[in-house]
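Fold and contact review
Now for the letters of each chain:
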Amino acid sequence: MIRLIPRAQPSKAMIFLSPLLALTLTAVTAFFIFAFILTDIKVSSVFYTLFVEPLIDTYYISELLVKAAPLIMIALGLSIGFRAGVWNIGAEGQYVIGGITGGAVGLYFYNVEGFWLIPLMSLAAILGGMFYAGIAAFLKNKYQVNEILVTLMLTYVAVLFLSAMLQGPMRNPSGFNFPESRPFHDGALLPIIWQGTRLNVGLIIAVILSFVTWLGIKKHLSGLQIKITGSAPRAAKFAGFDDKKTIWFALLISGGVAGLAGLFEVIGPAGQITPGLPQFYGFTAIIVAFMSRLHPIAIIFSALLIALTYIGGENVQIYFNLPSSITNIFQGMLLFYFLACDVLIQYKIVFIKTIRQKL
Amino acid sequence: MSNRRLTSILKFSLLSLMLAFTNSAFADPVKAAFIYIGPTGDHGWTYAHDQGVNHLKDQLGDDVVITRIESVAENSDSERVITSLARKNDIIFTTSFGYMEPTIKVAARYPDVKFEHATGYKRPTDNISTYSARFYEGRHVIGKIAGRMTNTNIIGYIASFPIPEVIRGINSAFLAARSVNPDIQIKIVWVYTWYDPGKEADAARALIAQGADIIMQHTDSTAPMTVAEEEDGVRAFGQASDMSAWGPSAHLTSIINNWGPYYADRVKAVRDGTWTETDTFDGVEEGMVAFAPMENMPDEVMWEAQDTILDLDAGAVHPFTGPINRQDGSVWLAEGETPPMFPDIITMDFYVEGIDSKYPN
Amino acid sequence: MNEGLIIAIIIGISIAAVPLIFAAIGELLVERSGVLNLGVEGMMIVGALAGFVVEFHTGSSFLAVLAALLAGMAIASIFAFLTQILLTNHVATGLALTLFGLGIAAFVGRSYTEENIELISALHIPVLSDLPVIGPLLFSYNPLVYLAFVMVFLVWWFLFKTKQGLILRAIGDNHDAAHAIGHNVVRYRVLAILFGGAMAGIGGAFLSLVQVPIWGEDMTAGRGWIALALVVFSSWQPFKVILGALIFGGITILQLHAQGFDVRISAQYLSMLPYIATIVILVSLRMRDKNKTNRTMPNCLGRIFHSTS
């Protein structure tokens, strides 16, 4: 009989050991699965492609960082809300709206260059994302309409709105009526920080935001984060905030950051607004947030890990002709182990020889 | 046959045999990669490309090593996937419109790799070709069948996204149907998805309820065909691949996207060192647009359809032949006039006169 | 508009609404017990595949639905084990379940995209089904359609008319108190989660067995997420799930019809209607009764329970 006994203090060792344990368990399970389904491919080479190549090949390192940046940003915003028990499930929609509003400014000033352009676009993106998440905050505060419903439904609306914009006002005038915006000029694109790759300042901003959030939480929400993994986030409140303000704060922050992430995708690796903008980042970021136990610095690492599963998974498909579903299975499994192993932080596992007492 | 001719044939065969021998025995096989927008099991767009790739493999055998990657979204991920492929392949086929800018970016970085982008129009470097098919010729043929086969005079059209490719198909099918049946009406439902079996089925049911007895689809799943099969007196056309298995009594024919010969040609060209940048827009004549066997229709209708195919094959008819007005009544094509490929056909963004629906904008 | 068209529209709406009703009523019970499972989409797709595969091999609709139910429960049991035994976060575990379910269904189902099956036939009751208007409207649906409504009633009856239902609600509202008076919180929740999986599984099977007789990866196309939203829409009241599903499914179908009738609104904006209308209608319902705050939301929703004793 296995029992979980709460620890008096969260285990410091386990905070670092449990992810390693989870990785090991994932690797072992994956090994057996691959050994079972792959008949004529060496499992070791699949493993190399999945876990090692993306970490030693400079191109893939740069792509890991590119992929992680938006996840870091969105997850940061969400983690603040989740601490307060505000369930913004629709960061995906706020991300899309931010891409649209920020991108619209860029398209409006298409032939203008200036140091102010990207800051102005960023402002528009943040406001767009804030507005979109703000709808949920307003409806929650005024009519007690649960934010899960509003943010989720508005995600679908955002995607259709993107489609309408790309059919209409934002369509590339010389694009043969295909639903894509014009590619942005270099002046409107985020500066590249690693020449020869797609890595841009978005990553730096994401990392800075992580530290800012970390400091902010330390200052204003001391004592809060300890409780997070185990107990009720709903009980948590921001210092000096009442319920309504907390809801506004949580949704505006997470919406604004998601909006900015959307713009950074548009003027970063994508370089234009396309119907492919929504790419599940808003949902993946929820996972990233919880994998890192809502800790702003840990978010950087869990975002990188998720990015690794994407890139490794892609390459496994390319090299070994495996279907894309392998990546989903693998990600799901990794998350299961990650979440499960975290139990060791708050609890000890005790094996008890049960004397079947009262039943 | 003269001796001289025979000798030359022999010489030629010998030469090609030697060439083939040299190529397959001594040269490395061509590494060809394909990137797909959907899963290969969609039975629509991606499935058709995948069938083409199978044909390529059959044709070239050991001369080609093929890599396929499916379900690559048309966003910033695709540039990474194309780059990964470019590092290890000789030629890369990017089989969806949304891969255009990523293909161009990667092509600029890998000048020695050949790129083939489906349905696009940009070829800024000389290692990018574009290719697509005149699918509206296929729509022309099924439009004629539809015009003959309908009893209610209503065609139901399940449309995906309002892009020129889809608009061309609607206009072409409508004009052809009206040419054989002046009372024809077309009802168009936009579902804003390429693949959602449930929604495509809902759309098909809605159209049937509104009186359509012919269903055309420009989406990828077999769902509309299965709905037509369950309703009495409703017929449907398959999209991209032969969908007859899903509608034994409803299926009239399917427009088949026949990419195989093109893929074989292009990879052979890489093997032989003769690949050059091109823009291909082939149709029935070249065999890129083909049809599943025609069924569930009277012989006269089938003969008429076959004649239409022969005419298209011979280049004798053009699906857009004037007089044609735009929906607003303005003149598009004068009597006997056919439109230029660019801009009229490539960028088409209007309905023709006679279509009642509002243009989606 | 003629009679036939109206009947067709109503039947169309029921087909669109039923998968949502199944998935949502299951999730409603789950949430009533204080568990938030965002894995509905993943459980639905697994059910859709299981139903299709068994129908394909056996031709038995009963076995197919049973298989979907069991498959939904099987994958839900992963969630139950993680959240109830290992105390993982509900939101993250549910999302992981969705990813995992979509992946495993797509992988296992690869060879079945080539196949098709017979649709589960609709009910035909002699005399009743042949009545004009009433026959097609009331007595000619697929048996699963009736089952969906029966399940809603049963969940309502269970929650509000049985002792176990009362306990389950008590657990959802305050698990510590319920535990203190001796109720087995974990057992109730695990059973609720398994029930949710079973319902999502049948909802998925409705897609692949009734709506369209094919299998394709991602064929649930977001319906699991809509079901989740509908639970919120219902304010955790079973019968309001039907209302929500009919509104959502109804507007989805009506906007397709509106396009066919050429309503002069762009199709993109018409397509947004089901989502926007769900929000607007909920807001207007809330505006009508100002006194009632959001009391019906289970207080412990999404919170982790661990018994210390």
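Residues numbered from 1 in each chain as written. Chains lettered and ligands numbered in written order. Predicted model: local features only at pLDDT ≥ 70, side-chain atom pairs only at ≥ 80, totals over all residues.

1. A look at the overall build of chain B
Defined as follows: A run of DSSP states H or I qualifies as a helix once it reaches four residues; a run of E qualifies as a strand once it reaches two. Both are numbered from the N-terminal end. What the globule rule says is 2.2 Å times the number of residues to the power 0.38, and the radius of gyration is computed from C-alpha atoms. Comment: burial labels come from other C-beta atoms within 10 Å of the residue's own C-beta, placed from the backbone, where a count of 20 or more is buried, 12 or fewer is exposed, and between is partly exposed. Two residues qualify as being in contact provided that their C-beta atoms, derived from the backbone, are within 7 Å of each other.
For chain B, the helix and strand inventory stands at 11 helices and 14 strands. Computed over the C-alpha atoms, the radius of gyration of chain B is 22 Å, within 12% of the 21 Å expected from 2.2 N^0.38 for a compact globule of 361 residues. Burial analysis of chain B (361 residues in total) assigns 57% to the buried set. Relative to all contacts within chain B whose residues are 6 or more apart in sequence, the contacts with residues 24 or more apart total 64%.

2. Overview of the overall build of chain A
The helix and strand inventory of chain A stands at 13 helices and 2 strands. Against the 2.2 N^0.38 benchmark of 21 Å for 359 residues, chain A shows a C-alpha radius of gyration of 22 Å, consistent with a compact globule. Along the three orthogonal principal directions, the C-alpha set of chain A runs to about 75 × 60 × 35 Å. Within chain A, residue pairs in contact and separated by at least 24 positions form 78% of the contacts whose partners lie at least 6 positions apart.

3. So, the sheet that holds strand S9 (residues 235-240) of chain B
Residue and element names in this part refer to chain B. Put simply, the rule is: Note on pairing: two strands pair once DSSP finds at least 2 bridges between them. Helix axes are fitted to C-alpha atoms over the stretch in contact, other axes to C-alpha atoms as well, and angles between N-to-C directions run from 0 to 180 degrees.
One open sheet accounts for 6 strands, arranged S7-S6-S8-S9-S10-S12; its pairing is mixed. Edge positions in the sheet fall to strand S7 (185-190) and strand S12 (289-291), since each of these pairs with one other strand and no more. Strand-to-strand twist across the sheet, computed as the mean angle between neighbouring axes with direction ignored, equals 20°.

4. Let's talk about the interface of chain B and chain C
On the chain C side, the residues contacting the 33 residues of chain B number 30 residues. Top element by residues in the side of chain B that touches chain C is helix H7 (residues 197-209) of chain B. It accounts for 10 residues.

5. Overview of the interface of chain C and chain A
Many authors give the size of an interface as the accessible area that is lost as the parts come together. We apply this condition: Put simply, Ala, Val, Leu, Ile, Met, Phe, Trp, Tyr, Cys and Pro go in the nonpolar bin, Asp, Glu, Lys and Arg in the charged bin, and everything else, Gly too, in the polar bin.
The partner chain A presents 41 residues to the 46 residues of chain C that form the contact. At the level of elements, helix H3 (61-85), helix H4 (90-108), helix H10 (223-233) and helix H12 (267-288) of chain C are the ones that each hand at least two residues to the side of chain C that touches chain A. Here the residues of the side of chain C that touches chain A are counted per class, giving 30 nonpolar, 12 polar and 4 charged.

6. Topic: helix H4 (residues 91-108) of chain A
Put simply, the rule is: One fewer than the residue count of a helix, multiplied by 1.5 Å, yields its expected span.
Between the first and last C-alpha of H4 of chain A there are 25 Å, a value that for 18 residues agrees with the 26 Å anticipated at 1.5 Å per step. Within H4 of chain A, 14 of the 18 residues are buried, which leaves the element mostly enclosed by the surrounding structure.

7. Quick word on the domain arrangement of chain B
Residue and element names in this part refer to chain B. The condition is simple: These domain boundaries are the output of an automatic or database domain assignment.
Its domain assignment divides chain B into domain 1 (22-134 + 259-282) and domain 2 (136-256 + 289-345). Averaged C-alpha coordinates put domain 1 and domain 2 at centres separated by 29 Å. Tallying the contact residues gives 12 residues for domain 1 and 15 residues for domain 2. Counting residues per element, the side of domain 1 that touches domain 2 draws most heavily on helix H2 (residues 45-60), which supplies 4 residues. Its residues assigned to classes, the side of domain 1 that touches domain 2 comprises 5 nonpolar, 5 polar and 2 charged.

8. Considerations on the sheet that holds strand S5 (residues 128-133) of chain B
All names here are of chain B. Strand order in the open sheet made by the 6 strands is S2-S1-S3-S4-S5-S11, with parallel pairing throughout. Edge strands, defined here as strands with exactly one partner in the open sheet, are strand S2 (64-69) and strand S11 (279-282). Direction aside, the axes of adjacent strands within the sheet are offset by 15° on average. The sheet contact formed by strand S1 (residues 30-35) and S2 spans 6 bridges and is parallel. Each bridged residue has a counterpart across the sheet, and for Phe 34 the counterpart in S2 is Arg 68.

9. Looking at the environment of Gly 172 of chain C
Residues and elements named next belong to chain C. The topology assignment puts Gly 172 in helix H7 (residues 163-173). As a C-alpha pair, Gly 172 and Asn 299 span 127 residues in sequence and 6.4 Å in three-dimensional space. Excluding residues that lie within four positions of it along the chain, Gly 172 makes contacts with Arg 32, Ser 33, Gly 34, Pro 298, Cys 300 and Leu 301.

10. Some remarks on unusual backbone geometry
Residue Pro 323 of chain B follows Gly 322 of chain B across a cis peptide bond; omega there is 5°. Checked against the element boundaries, Pro 323 of chain B lands in the loop between helix H10 (299-313) and strand S13 (324-325). For the peptide bond that leads from Phe 342 of chain B to Pro 343 of chain B, omega is 5°, which places it in the cis range. Even without a glycine there, the phi angle at Phe 176 of chain A is positive, about 60°. Its location among the elements puts Phe 176 of chain A in the loop between helix H6 (147-167) and helix H7 (201-220). The backbone phi angle of Asn 296 of chain B is positive, close to 60°, even though this residue is not glycine. Tracing the sequence through the fold places Asn 296 of chain B in the loop between S12 and H10.

11. Here we look at the confidence of the model for chain B
Residue and element names in this part refer to chain B. Cut-off, in case you're wondering: Every residue carries a pLDDT, the predictor's confidence in it, which falls somewhere between 0 and 100.
Overall, the predicted model of chain B reaches an average pLDDT of 91, with 93% of residues at or above 70. Highest mean pLDDT in chain B belongs to strand S3 (residues 91-94) (98); lowest belongs to helix H1 (residues 3-26) (53). The complex model carries a pTM of 0.90, and its ipTM stands at 0.89.

12. Structural notes on the domain arrangement of chain A
All names here are of chain A. Domain annotation of chain A identifies domain 1 (1-38 + 322-359) and domain 2 (47-321). When each unit is reduced to the centre of its C-alpha atoms, the spacing between domain 1 and domain 2 is 29 Å. Contacts between the two partners involve 13 residues from domain 1 and, on the opposite side, 13 residues from domain 2. For the side of domain 1 that touches domain 2, the secondary-structure elements that each account for two or more residues are helix H12 (325-341) and helix H13 (343-346). Among the elements that take part in the side of domain 1 that touches domain 2, H12 stands out by supplying 7 residues, more than any other. For the side of domain 1 that touches domain 2, the residue count by class is 8 nonpolar, 4 polar and 1 charged.

13. What to know about the nonpolar core
Stated precisely, the cut-off is as follows: In these notes, a nonpolar core means any group of buried Ala, Val, Leu, Ile, Met, Phe, Trp, Tyr and Cys residues linked to one another through C-beta atoms within 7 Å.
Counting 345 residues, the largest nonpolar core has Ile 74 of chain A together with Ile 21 of chain C as its most contacted members. Per-element accounting of this core gives the leading share, 17 residues, to helix H1 (residues 3-32) of chain C. Not counting residues up to four positions away in its chain, the partners in contact with Ile 74 of chain A are Ala 91, Tyr 95, Val 257, Ala 258, Ala 261, Tyr 281, Gly 282 and Ala 285 of chain A.

14. Digging into the pairing of S1 of chain B
Residues and elements named next belong to chain B. How we decide: Throughout, right-handed denotes a crossover for which the path from the first strand over the helix to the second runs clockwise when the strands point away from the viewer.
The buried fraction of S1 is high, at 5 of 6 residues. Handedness of the crossover is the feature at issue here: the chain leaves S1, passes through H2, returns alongside S2, and the resulting connection is right-handed. Pairing geometry for S1 and S3, over 4 bridges, is parallel. Across the sheet, the residue bridging to Ala 32 is Ile 91, located in S3.

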